[in-house]
Amino acid sequence: MNVSVGEGQIEVKGAKGTLSRVISPELGIEIGAGELTVTRPSDSKEHRSLHGLTRTLIANMVEGVVNGYQRRLDIVGVGFRAQLSGKNLTLAVGHSHGIEIPPPAGIEFDAQVDPQTRSPYILVKGIDKELVGQVAAQIRRLRK
């Protein structure tokens, strides 16, 4: 894994890909012996909250490029099903027609059936935790 800090930006490269994010110029980021440290200029409430947010976002970036993220969406309903057509996800969730969802850049879909319960589910996979959660929420919004 490789981490580089630029002017107000951090970039993390790993086995699964590369993520970059703009960070607040008020915070300092120091790279030590196998350790990344986020420092804040003062103990004000704004700096403390920004410090915690930045530390968590960087930790999520590192986790994403090393292991990746996935969300499992169970499909519950009579006649509800999901299948892959190429890279696109096609859902039959109670509408008069199937809904085809193309994956955004950096996202993969997988439609499977649980062997124990025989219920179908969708896996949304990617390296960006925020994007994986957003795509899963958009799919969930199609039919609650």
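Residues numbered from 1 in each chain as written. Predicted model: local features only at pLDDT ≥ 70, side-chain atom pairs only at ≥ 80, totals over all residues. Heavy atoms only, no water.

As a further point, take the overall build of the protein. Within the protein, the regular secondary structure consists of two helices and eleven strands. What you see in the protein, going N to C, is helices and strands ordered as β-β-β-β-β-α-β-β-β-β-β-β-α. Dimensions along the principal axes, computed over C-alpha positions, put the protein at roughly 55 × 35 × 30 Å. For the protein, with 144 residues in total, the buried portion stands at 30%. With 18 positive and 15 negative side-chain charges, the protein shows a spacing of 10 Å between the two charge centroids. (Helix = DSSP H or I, 4+ residues; strand = E, 2+ residues; numbered from the N terminus. Buried < 20%, exposed > 50% of the residue type's maximum accessible area, 1.4 Å probe, protein only. Lys, Arg positive; Asp, Glu negative; His and termini not counted. Charge placed at Lys NZ, Arg CZ, Asp CG, Glu CD.)

Turning our eyes to something else, we now look at the nonpolar core. One finds Leu89, Leu91, Ile101, Phe109, Ile122, Val124 and Ile139 to be the most contacted residues of the largest nonpolar core, which totals 18 residues. Broken down by secondary-structure element, the contributors of at least two residues to this core are strand E6 (69-74), strand E8 (88-92), strand E9 (99-101), strand E10 (107-113), strand E11 (120-126) and helix H2 (129-142). Here this core takes four residues from H2, the largest share from any one element. Sequence-distant contacts of Val124, that is, excluding residues within four places in its chain, are made with Tyr69, Gln70, Arg71, Leu73, Ile107, Glu108, Phe109, Val132, Val135, Ala136 and Ile139. (Core = buried A, V, L, I, M, F, W, Y, C linked by side-chain atoms within 4.5 Å. Contact = heavy atoms within 4.5 Å.)

Another point: the environment of Gly8. With respect to the element layout, Gly8 can be found in the loop between strand E1 (2-6) and strand E2 (9-13). In this structure the C-alpha to C-alpha distance between Gly8 and Pro103, which are 95 residues apart in sequence, comes to 30 Å. Apart from the residues within four sequence positions on either side, Gly8 is in contact with Arg21, Val22 and Ile23.

Across a sheet, paired strands are connected by hydrogen bonds in the backbone, their directions being either parallel or antiparallel. Ordered in space as E7-E8-E9, the three strands form an open sheet in which the pairing is antiparallel. Each end of this open sheet is capped by a strand with a single partner; those strands are strand E7 (81-85) and E9. Averaged over neighbouring strand pairs, the angle between their axes works out to 25 degrees when direction is ignored. As paired elements, E8 and E9 share three bridges and run antiparallel to each other. Within E9, the position partnered with Leu89 by the bridge is Ile101. (Pairing = 2+ DSSP bridges. Axes fitted to C-alpha atoms, helices over the stretch in contact; angles between N-to-C directions.)

This part takes up the packing of aromatic side chains. What describes a pair of aromatic rings is the distance from one ring centre to the other and the angle between the planes of the rings. Within the structure shown, the criterion is met by zero aromatic pairs. If you follow Arg72 out to its NZ or CZ, it ends over the ring of Tyr121, 3.8 Å from the centre. (Phe/Tyr/Trp six-rings, centres within 6.5 Å; stacked < 30°, edge-to-face > 60°. Lys NZ or Arg CZ within 6 Å of the ring centre and 35° of its normal.)

A separate point is the pattern of salt bridges. In this structure the tally under the stated criterion is six salt bridges. Linked by salt bridges that have partners in common, Arg72, Asp74 and Asp114 make up one network. (Salt bridge = Lys/Arg side-chain N within 4 Å of Asp/Glu carboxyl O.)

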